[in-house]
Amino acid sequence: MHVHTIATAFADRFGPAPEITVRAPGRINLIGEHTDYNAGYVLPAAIDKAIWLSAGRRTDGQFAFYAADLDEFFLSENSETVFQTTHTWANYLLGVISEARRDGRLIGGLNVAFGGDVPLGAGLSSSAALESGTLFAINELYQLGLPKMEIVRLAQRGENNFVGMKCGIMDMFASVMGRADSVVRLDCRSLDFEYFPFHAPGYSLVLFDSGVKHSLVDSEYNTRRQECEAGVAALRAHHRPTSSSSDEFSSLRDVSPELLFRHRDALDPVVFRRCKFVVEEIARVEAACLALQNSDFVQFGRLMFQCHDGLNREYEVCVPETNFLVEQARANPAVSGSRQMGGGFGGCTINLVKTEALDAFSETTAVAYRQFFGLDLNIYPVRLTNGTEVV
Ligand code: GLA
């Protein structure tokens, strides 16, 4: 879907041409999974799969949204309060409008048409892209003057408070702040971030979409969050700070592997495994950035495999399909690293592969996947792009 297609869809539906069109990309995450809501580090990037969103103001105060790919239309009541709707997708747009209004921002009526090529339910954050795109559009049209990081925060609040998914900040951050040919390390506690050029001559990044989307993903995700919080609470109850340590901790970011193991007996075994994964994963992001700076893609890939093993055995968010895909990768000497990406229970694996072997690897994996599971494998080579922008 291109900018002209969506602008035409807008004009067909609403009459006048759009006042603004925005490109809001999906995201990948190289490493740092389930660390964002534990105040740790993540290493995402925006990609060349995006949602395009055309918008214009309405004078009657209503919100009219057209989802071009689904050919579905939503029209709100004309009221000050924004309510949830059974059009699930419309809640992503309404959520950010509702949150912005709660901050006292004056937002009038809006026409929106959107569509794109971010596959739905594949863990590439189409919802974060839709939220970022909507906020970029209303920021311009209603001259809200929101800085980018405020857009990121509002998008997360929309998802947390209106849609009801207790996600962290990574997805919207990547969709808004991405930079071409770079990954970005975000410190999810301070929100400081640093771009790392992703120059990997001879290597390619490719996503394998397992096509599996577990219906429990949201509830399991929220359970994992609670388990991490339970771990922090138990550690706080048992840990006697010494004058030499920095003492108080409020998240797993503040917990070293050494401290975690010292208090192992104080934790429920499941909670311990969850915490162990997170604490080690936070350290892996730092190690991965070092590997990137040293152009050491063998080490980088090793860390990706370690991440997957932790997601599978300790965090327990993998499924047979993604495990199979990662095992195919592990058995292939042309693959540096591979792991399940995103919240879990299916979605895509991300693979770092020697470019010369990319086609053969993709093909043999697709054949094996079909033989084993009877499923087609969607394959997406990715390029790293700028974040959300007005086009
Ligand atoms: C989902 C969430 C993110 C993050 C990942 C796991 O994508 O939306 O905030 O927690 O899962 O790393």
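Residues numbered from 1 in each chain as written. Predicted model: local features only at pLDDT ≥ 70, side-chain atom pairs only at ≥ 80, totals over all residues. Heavy atoms only, no water.

J.: I tried to follow unusual backbone geometry on my own but got confused; where do I start?
T.: Across the chain, the bulk of peptide bonds are trans and the bulk of non-glycine residues have phi less than zero. Positive phi is not limited to glycine here, since Gln143 has a value of about 45°. The phi torsion at Ser295 lies on the positive side, around 50°, for a residue other than glycine. Examined against the element boundaries, Ser295 turns out to sit in the loop between α8 (269-293) and α9 (297-313). (Helix = DSSP H or I, 4+ residues; strand = E, 2+ residues; numbered from the N terminus.)

J.: Would you take a moment to explain the side chain of Ser54 for this structure?
T.: Positionally, Ser54 belongs in strand β3 (residues 44-58). You can call Ser54 buried: its relative accessible area is 0%. Reaching out from Ser54, the side chain makes a polar contact with the side chain of Thr21 at a distance of 2.8 Å. The contact partners of Ser54, leaving out residues within four places of it in the chain, are Ile6, Ala7, Phe10, Pro18, Ile20, Thr21, Asn111, Val112 and Ala113. (Buried < 20%, exposed > 50% of the residue type's maximum accessible area, 1.4 Å probe, protein only. Polar contact = N/O pair within 3.5 Å; in protein donor to acceptor, adjacent residues only side chain to side chain. Contact = heavy atoms within 4.5 Å.)

J.: Would you explain the packing of helix α2 (residues 88-102) against helix α3 (residues 126-141) in this entry?
T.: Geometry of a packed helix pair, given as the angle between the helix axes and the separation of the axes. Two elements in contact, α2 and α3, have axes whose closest approach is 9 Å; the angle formed by their N-to-C orientations is 45°. Judged by the angle between their axes, α2 and α3 are oblique. Considering how the two elements wind past one another, α2 and α3 form a crossing that is right-handed. Side by side, α2 and α3 meet where Trp89, Tyr92, Leu93, Val96 and Ile97 of the first sit next to Ser127, Leu130, Glu131, Thr134, Leu135 and Ile138 of the second. (Axes fitted to C-alpha atoms, helices over the stretch in contact; angles between N-to-C directions. Parallel < 35°, antiparallel > 145°, perpendicular 65-115°, else oblique. Left-handed = near helix turned anticlockwise from the far one by under 90°.)

J.: Would you mind showing me how to read the domain arrangement of the chain here?
T.: Think of interface size as the accessible area that goes away when the parts come together; that is how it is often given. Each assigned domain of the chain is listed with its residue range as follows: domain 1 (3-199) and domain 2 (203-382). At the junction of the two partners, domain 1 supplies 38 residues and domain 2 supplies 45 residues. Carbon and sulfur atoms make up 66% of the area that domain 1 and domain 2 hide from each other, which totals about 3400 Å². At the junction of domain 1 with domain 2, the criterion picks out three salt bridges. Arg339 serves as the salt-bridge partner of Glu33, at 2.7 Å between the closest nitrogen and oxygen. Connecting domain 1 to domain 2 are 16 residue pairs in polar contact (both at pLDDT 80 or more). Its residues assigned to classes, the side of domain 1 that touches domain 2 comprises 18 nonpolar, eleven polar and nine charged. (Domains from an automatic or database assignment. Buried area = accessible area lost by both parts, 1.4 Å probe. Salt bridge = Lys/Arg side-chain N within 4 Å of Asp/Glu carboxyl O. Nonpolar A, V, L, I, M, F, W, Y, C, P; charged D, E, K, R; others polar.)

J.: Quick question: what am I supposed to make of the nonpolar core here?
T.: Generally speaking, soluble globular proteins have nonpolar side chains that are buried together. Residues Ile28, Phe65, Phe198 and Phe300 are the most contacted members of the largest nonpolar core, which totals 128 residues. Examining the composition of this core, we find that twelve residues originate from one element, α8, more than from any other. No fewer than three residues from each of domain 1 (3-199) and domain 2 (203-382) sit in this core. Counting residues in hydrophobic clusters, the runner-up holds ten residues, among them Ile6, Ala50, Trp52 and Ala68. (Core = buried A, V, L, I, M, F, W, Y, C linked by side-chain atoms within 4.5 Å.)

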